[in-house]
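Here are the chains, one letter per residue:
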Amino acid sequence: MYDPLLDESIGANAPYPNSYWADVTAANTLGNAPADDGQLNKDIEVDVAIIGAGYTGLSTALHLAREHGIKATVLEANRTAWGASGRNAGFILKSSGRKPYARMQSQWGEEVMRGIYQEMCAGVDTVKSLISEGIDCDPQDSGYIRVAHKPSMLKDLIETAALQKKMFGYDIQVLTREQLHQDYMADHNAYGAIRYQDGFGLNPLKLAWGYQKLARKAGVSIYCDSPVENWQQETSHKAGQQSQTLQVLHTPNGIVKAKKVVIATNGYSAKNFHPLIKSKTLPVLSQIIVTQPLSAEQLAACNFLTSNVIMDTRALKYYYRKLPDNRILFGGRGAITGKNATDPYYAKRLLAVLKTSFPALNSLRYDYAWSGWLCMSLDDMPHVYQNEQRTVFYAMGYCGSGVSFSVQAGKRLAQKVAGVTVPNLPIYQTPLTTFPFAPFRRVGQWGYFQYGKVKDRWF
């Protein structure tokens, strides 16, 4: 599997992974992906080029066209949402990455903390607004359940609920183990929970396809099978005009000269892709399985009543949801390197954990297993930033919480590209931090995984 820490090329024209999303989306659309502009096969000059046709790139292009009258050109190495945008679990949450709001408050003060919270809320609102324009992406009932994976963690969840009620006026239910098992699902590894009224699950690939349709309707050009293989700068000198520096992007069959470029590749950014993002993120594999459809008897035995999205309190989190066809999607950490990404050990481990939560499913098998790269930042926060010349921009570091916020990041990227002032918040005014000892990032990741195993079991 492609490994962004090792490979300097992402490749081109690769098929979607063998995922549940790819299968069900193809079945629902008779195999017809939304139209794009094909492979770039000519040289062009544009105002704005966007690299990556995932949520971030499509949102940036859409908002540039709608709100600023700028028709961007999107370059995608493979196909729309081939990366994380089409591989994730489809959780829409008001999430800020991995950094708790209480820590933001202590570091930056209440005003900044609330500003970041409002941005995360705006991300969810933007997703809902775009869905309301006719995107068919199978949204399920609202509700997000955080389960305590051991009794001591329920106290922490209750304290979190109280703090968030005070900070944001959140309507959060506290559920005892008995209430959770009776009204939602009888997860044997859950010792109570808190439940948010918002948050929901959907089909992430269909969502991205919907964004693509909206973007092209707004006049955006989207070239697939067009990886950027080489990137240079060129200063043009025209008689009677001020010299101008252009970004020159080489694809297999065409060259793009752009005044401004947006890097929207997140966890799929190839090694040494651009100095602005070099050594500033850690790509981490997440693994997902989707089971066979559960029978009525199996659902009853687990009392699996809810289709809310669910996540536990482990350092090495597990997350799951019941899909519209009564399958269970279950996810967690995957391999450390791309070389081991397809090792069946990781999918089998997830299935084994699922069965400890629901012993009645002991004979259950999975029909789908796939993995994808998340993008972690050193400070556990996403960042939307640019170079000093304001010619190259990026948004990345969503830390596994990008399905909704990436759309808001794209909106803010569009404003930055258009020269519009964005909120004075650290996520928009500070760059990603370079990882110390960057060549050894994976050693640190391995160490954290070992720490997480111990912490989740004993502390």
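Residues numbered from 1 in each chain as written. Predicted model: local features only at pLDDT ≥ 70, side-chain atom pairs only at ≥ 80, totals over all residues. Heavy atoms only, no water.

Chemist: When you look at the overall build of the protein chain in this model, what are you seeing that I'm missing?
Modeler: A tally of helices and strands in the protein chain yields 12 helices and 18 strands. Overall size of the protein chain, expressed as C-alpha extent along the three principal axes, is 80 × 50 × 45 Å. Taking all 459 residues of the protein chain together, 59% fall into the buried category. Across the protein chain, every contact between residues at least 6 apart in sequence was considered, and the portion connecting residues at least 24 apart equals 77%. Accessible surface computed for the protein chain: about 19,100 Å², of which carbon and sulfur atoms make up 50%. Averaging the coordinates of the 49 positive side-chain charges in the protein chain and doing the same for the 38 negative ones gives two points 3 Å apart. (Helix = DSSP H or I, 4+ residues; strand = E, 2+ residues; numbered from the N terminus. Buried < 20%, exposed > 50% of the residue type's maximum accessible area, 1.4 Å probe, protein only. Contact = heavy atoms within 4.5 Å. Areas by Shrake-Rupley, 256 points an atom, 1.4 Å probe, with all protein chains shown as cover. Lys, Arg positive; Asp, Glu negative; His and termini not counted. Charge placed at Lys NZ, Arg CZ, Asp CG, Glu CD.)

Chemist: Looking at this model, I keep getting lost on the packing of helix 4 (residues 110–131) against helix 7 (residues 204–217). Mind explaining?
Modeler: How two helices sit against one another is set out by the angle between their axes and by the gap between those axes. In the contact formed by helix 4 and helix 7, the axes pass within 10 Å of each other and the chain directions differ by 70°. The angle between the axes of helix 4 and helix 7 places the two elements in the roughly perpendicular class. Residues Val127, Leu130 and Ile131 of helix 4 lie in contact with helix 7, whose contacting residues are Leu207, Tyr211 and Leu214. Residue composition of the contact of helix 4 with helix 7, by class: 6 nonpolar, no polar and no charged. (Axes fitted to C-alpha atoms, helices over the stretch in contact; angles between N-to-C directions. Parallel < 35°, antiparallel > 145°, perpendicular 65-115°, else oblique. Nonpolar A, V, L, I, M, F, W, Y, C, P; charged D, E, K, R; others polar.)

Chemist: Before we go on, may I ask you to explain the state of the cysteines in this structure?
Modeler: Here is the idea: a disulfide is a covalent bond, and it sits between the sulfur atoms of two cysteines. Per the stated rule, a full pass over the model turns up 0 disulfides. Not part of a disulfide, cysteine 224 finds its nearest cysteine sulfur in cysteine 137, a span of 20 Å. Residue class for cysteine 224 comes out buried when judged on its relative accessible area of 7%. Of all cysteine sulfurs, the one in cysteine 375 lies closest to cysteine 399, which takes part in no disulfide; the gap is 7.4 Å. (Disulfide = S-S within 2.5 Å.)

Chemist: When you look at the pattern of salt bridges in this model, what are you seeing that I'm missing?
Modeler: For side chains bearing opposite charge, pairing can occur when the charged atoms are close. Applying the stated criterion across every chain yields a total of 15 salt bridges. A salt bridge links arginine 327 to aspartate 325, with the nearest nitrogen and oxygen atoms 3.1 Å apart. On the basis of relative accessible area, arginine 327 is assigned to the buried category, the value being 13%. We classify aspartate 325 as partly exposed; its relative accessible area is 31%. The structure contains a network of salt bridges with shared partners spanning Asp136, Asp138 and Lys206. (Salt bridge = Lys/Arg side-chain N within 4 Å of Asp/Glu carboxyl O.)

Chemist: It is not clear to me how the pairing of strand 4 (residues 144–147) should be interpreted in this structure. Could you clarify?
Modeler: Along a regular strand, successive side chains alternate from one face of the sheet to the other. Taking every second residue as pointing to the same face, both faces of strand 4 are buried, with Tyr144 and Arg146 on one and Ile145 and Val147 on the other. Of the strand pairs in this sheet, strand 4 and strand 6 (residues 193–196) are connected by 4 bridges, and their pairing is antiparallel. Counted as the bridge partner of arginine 146 is isoleucine 194 from strand 6. Across 4 bridges, strand 4 lies against strand 13 (residues 309–312) in parallel orientation. When the sheet's bridge partners are listed, tyrosine 144 is paired in strand 13 with valine 309. (Pairing = 2+ DSSP bridges.)

Chemist: When you look at the side chain of lysine 322 in this model, what are you seeing that I'm missing?
Modeler: Considering the arrangement of structural elements, one finds lysine 322 in strand 14 (residues 319–322). A polar contact of 3.2 Å, which involves the side chain of lysine 322, links it to the backbone oxygen of phenylalanine 304. (Polar contact = N/O pair within 3.5 Å; in protein donor to acceptor, adjacent residues only side chain to side chain.)

Chemist: Which parts of the structure should I look at to understand the packing of aromatic side chains?
Modeler: The geometry of an aromatic ring pair is captured by two quantities: the separation of the ring centres and the angle between the planes. Under the definition given, this model contains 23 aromatic pairs. Taking the centre distance of 5.3 Å and the plane angle of 65° together, the rings of tyrosine 20 and tryptophan 21 count as edge-to-face. Per residue, the accessibility class of tyrosine 20 equals that of tryptophan 21, and both read buried. Here the aromatic cluster, defined as three or more aromatic residues joined through ring pairs, consists of Tyr101, Tyr117, Tyr144, Phe168, Tyr170 and Tyr196. Over the ring of tryptophan 82 we find arginine 87, and its NZ or CZ is 4.8 Å from the ring centre. The ring of tyrosine 191 has arginine 177 sitting right over it, with the charged end atom 4.6 Å from the ring centre. (Phe/Tyr/Trp six-rings, centres within 6.5 Å; stacked < 30°, edge-to-face > 60°. Lys NZ or Arg CZ within 6 Å of the ring centre and 35° of its normal.)

Chemist: For this particular structure, what's the right way to read the environment of aspartate 367?
Modeler: Following the sequence through the fold, aspartate 367 ends up in strand 16 (residues 366–376). When the C-alpha atoms of aspartate 367 and arginine 457 are compared, they prove to be 29 Å apart, with 90 residues separating the residues in sequence. When neighbours within four sequence positions are excluded, aspartate 367 is seen to be in contact with Val290, Thr291, Gln292, Pro293 and Arg327. Reaching out from aspartate 367, the side chain makes a polar contact with the side chain of arginine 327 at a distance of 2.8 Å.

Chemist: How do you make sense of the environment of histidine 68 when you look at a structure like this?
Modeler: By the element assignment, histidine 68 lies in helix 2 (residues 55–68). Of the residues examined, histidine 68 reaches a relative accessible area of 23% and is grouped as partly exposed. Sequence-wise, histidine 68 and proline 283 are 215 residues apart; in three dimensions their C-alpha atoms are separated by 32 Å. Apart from the residues within four sequence positions on either side, histidine 68 is in contact with His63, Ala414, Gln415, Ala418 and Val420.

Chemist: Is there a simple way to explain the sheet that holds strand 16 in this structure?
Modeler: Adjacent strands of a sheet form backbone hydrogen bonds with each other and so pair up, either parallel or antiparallel. Pairing is mixed across the open sheet formed by 8 strands, whose spatial order is 5-6-4-13-14-15-12-16. In this open sheet, the two edge strands, each paired with only one partner strand, are strand 5 (172–175) and strand 16. Taken over all neighbouring pairs, the strand axes of this sheet differ in orientation by 20° on average, direction set aside. Of the strand pairs in this sheet, strand 5 and strand 6 are connected by 4 bridges, and their pairing is antiparallel. What sits directly across from isoleucine 172, in strand 6, is tyrosine 196. Across the sheet, helix 1 (residues 20–28) touches strand 12 (282–291), strand 14, strand 15 (328–333) and strand 16, and the angle it forms with strand 16 is around 110°.

Chemist: Would you take a moment to explain the side chain of threonine 281 for this structure?
Modeler: Locating threonine 281 in the fold gives a position in the loop between strand 11 (254–263) and strand 12. Excluding residues that lie within four positions of it along the chain, threonine 281 makes contacts with Cys375, Met376, Met396, Leu432, Phe435 and Arg441.

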